[in-house]
Amino acid sequence: MPMTWSLAMIVKNEEAVLGRCLESVAGVFDEIIIVDTGSADQTVEIAKRFTDKVFYFEWVEDFAAARNEAFSKATGDYIMWLDADDIVEPAEREKMLQLKESQDGEVDMYYMKYNLLKDENGVVIWSTLRERLIRREAGLYWIEPIHEVIEAQGETETVNIAITHGEKERTHSDRNLRIHELQAKNGTQTQRGRFYYASELKTHFRFKESIQQYEAFLENGGTWREDNIQACIDLAYLHKMLGEKEKSVKYLLQTMLYDPPRAKACCLIGDYFYEKDDDVNCVYWYDMALHPNTHRKDGFFEPDYCDFYPHLQLCLVFDRLELHEGAYRHFLAAKALKPTHPSVVFNEAYFLENYPEVVEKFQ
C-alpha cells in the first residue's frame, strides 16, 4: 500500500505566490497543512481554496517553532515542507509521484536538490541539498529559530528530485538580523547560529562585524564541513572588500584544511594570481577548478565555477601569454556552455577581428 504524504507549510503575506506553489503539487499530497503566522492580505483565503486544514500560529520570532507546529498537524506517513515561493516543476512532480509509489517506509529522511537561482536562460547556477521529506513516526523536529533545520538521524537517502525556489517581489527586511541579535543578546546562539549571523551581517554590509563572527565560528571548531568551507570563502570575500587581498587568499587556502580543493575556491585563488599577473599560478588554479574532484555538491553549489568561469579565465590568460590557439580552445569550451553570454560574444568578435587564422584553423 503506498505511503501517504502530508504537505506542511508556514506562510505570511504570500498572496502573490502561494497559489502558484500549491498548483504545482496538485495530486501529490493526501493532505495539505497551512499554518498562517499573521497574514494581512489574501493568503488565508487562497490557502482555503486548496485545503480546509488552515491553522493560525502566533509569530514568536522562531521559524523552527512555527514549522514544528505545522508538522504537528500532519497525519501522513511522510511530511514534506515547502516555502510559499517554491515551485515543483512538472517533471519533478512526476518523480515525486514515482517515489511515493515505490516507498517501503524504511527511510526516515529524504534529501532533495534545492535550486536557488537560475540564469537568464533558465540554467541552475546555485543550488544546495535540503532535508525535504520526513517520516512522521521518526519523531524528528526542527531546531534553530532562524535558518531552521532538521538534523539528520536514522536512515537518510538523497533522491534525484529538485525543488525550485521561485521568483517573487521582495522588500528588504531586518527580521533575520533582529532574530540573530536577540539570540546573541540572550545567550542562546549556537555555533550554527553564529555562522548565519555572520552571513546576515555580511548581507547588511557590516563587514568588520561579520569577520569577527566568522572568525569566532572557526576558532570554536566550526560545525559541518561545508559551513566551515563557506565561512572561509566568505571571509576571503570580506577581506577582499576591505582591500586586504593577502588575508583573502589565506582564507581561500584554509578551505583545504576541511576537505580537498573546491572549484569555487580554486577559481578565486586563480583570480588572486591573475590580478598579480602571475600567469603560471593562475593557470594552475583555474585548471584545478576544471578537475572533477573539485566538484563536490554537498553544500551550496555554483556549477559555473566548475567549467564556464575557469574556461573563460583561461582564455584570457592564454591570450595574455600570446598562446592564441590555447586561448581559443578555452573560448570554444566556454561558448559550448553559454553561447549567448556577453563575455563569449565579446571574445568571439575579438578572435574574428584579431586572429582570423586561428578561428579558421578550428573550423
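This text goes with the structure placed above it.
Residues numbered from 1 in each chain as written. Predicted model: local features only at pLDDT ≥ 70, side-chain atom pairs only at ≥ 80, totals over all residues. Heavy atoms only, no water.

Caption draft 1: Just the packing of helix α5 (residues 175-186) against helix α6 (residues 191-203), in detail. Between α5 and α6, the shortest axis-to-axis distance is 10 Å and the interhelical angle comes to 135°. With respect to each other, α5 and α6 are oriented oblique. Considering only the axes of α5 and α6, their crossing is left-handed. Contacts from N176, L177, H180, E181 and A184 of α5 reach α6 at G193, Y196, Y197, E200 and L201. (Axes fitted to C-alpha atoms, helices over the stretch in contact; angles between N-to-C directions. Helix = DSSP H or I, 4+ residues; strand = E, 2+ residues; numbered from the N terminus. Parallel < 35°, antiparallel > 145°, perpendicular 65-115°, else oblique. Left-handed = near helix turned anticlockwise from the far one by under 90°. Contact = heavy atoms within 4.5 Å.)

Caption draft 2: Representation of the packing of aromatic side chains. Counted by the stated rule, this structure contains 23 aromatic pairs. When the centroid spacing of 5.9 Å and the interplanar angle of 80° are considered together, the rings of F71 and W142 count as edge-to-face. With F71 in helix α3 (residues 63-72) and W142 in the loop between β7 (124-135) and β8 (156-165), this residue pair connects regions lying 71 residues apart in the sequence. Of the residues examined, F71 reaches a relative accessible area of 10% and is grouped as buried. Aromatic rings pair up to connect Y328, F331, Y350, F351, Y355 and F362 into one cluster. Looking at K338, its charged tip hangs above the ring of F308, at a distance of 5.2 Å from the centre. (Phe/Tyr/Trp six-rings, centres within 6.5 Å; stacked < 30°, edge-to-face > 60°. Buried < 20%, exposed > 50% of the residue type's maximum accessible area, 1.4 Å probe, protein only. Lys NZ or Arg CZ within 6 Å of the ring centre and 35° of its normal.)

Caption draft 3: Looking closely at the sheet that holds strand β5 (residues 86-87). Taken together, the 8 strands give an open sheet; going across it, the order is β3-β2-β1-β4-β7-β6-β8-β5, and neighbouring strands pair in mixed fashion. Looking at strand neighbours, the two that pair on one side only are β3 (54-56) and β5, the edges of this open sheet. Of the strand pairs in this sheet, strand β1 (residues 5-11) and strand β4 (residues 78-81) are connected by 4 bridges, and their pairing is parallel. From the neighbouring strand, W5 faces β4, where its bridge partner is Y78. Set on the sheet, α3 makes contact with β1, β2 (31-36), β4 and β7; between it and β1 the angle comes to about 145°. In this fold helix α4 (residues 90-102) packs onto β1, β4, β6 (109-118), β7 and β8, with an angle of close to 150° to the strand it touches most, β8. (Pairing = 2+ DSSP bridges.)

Caption draft 4: Fine view of unusual backbone geometry. A positive phi angle, close to 60°, is found at F205, a residue other than glycine. In this fold, F205 is placed in the loop between α6 and α7 (207-219). Given the relative accessible area of 66%, F205 is considered exposed. Of note in this structure, D277 is not a glycine but carries a positive phi near 60°. Structurally, D277 is set in the loop between α10 (263-275) and α11 (279-290). On the basis of relative accessible area, D277 is assigned to the exposed category, the value being 53%.

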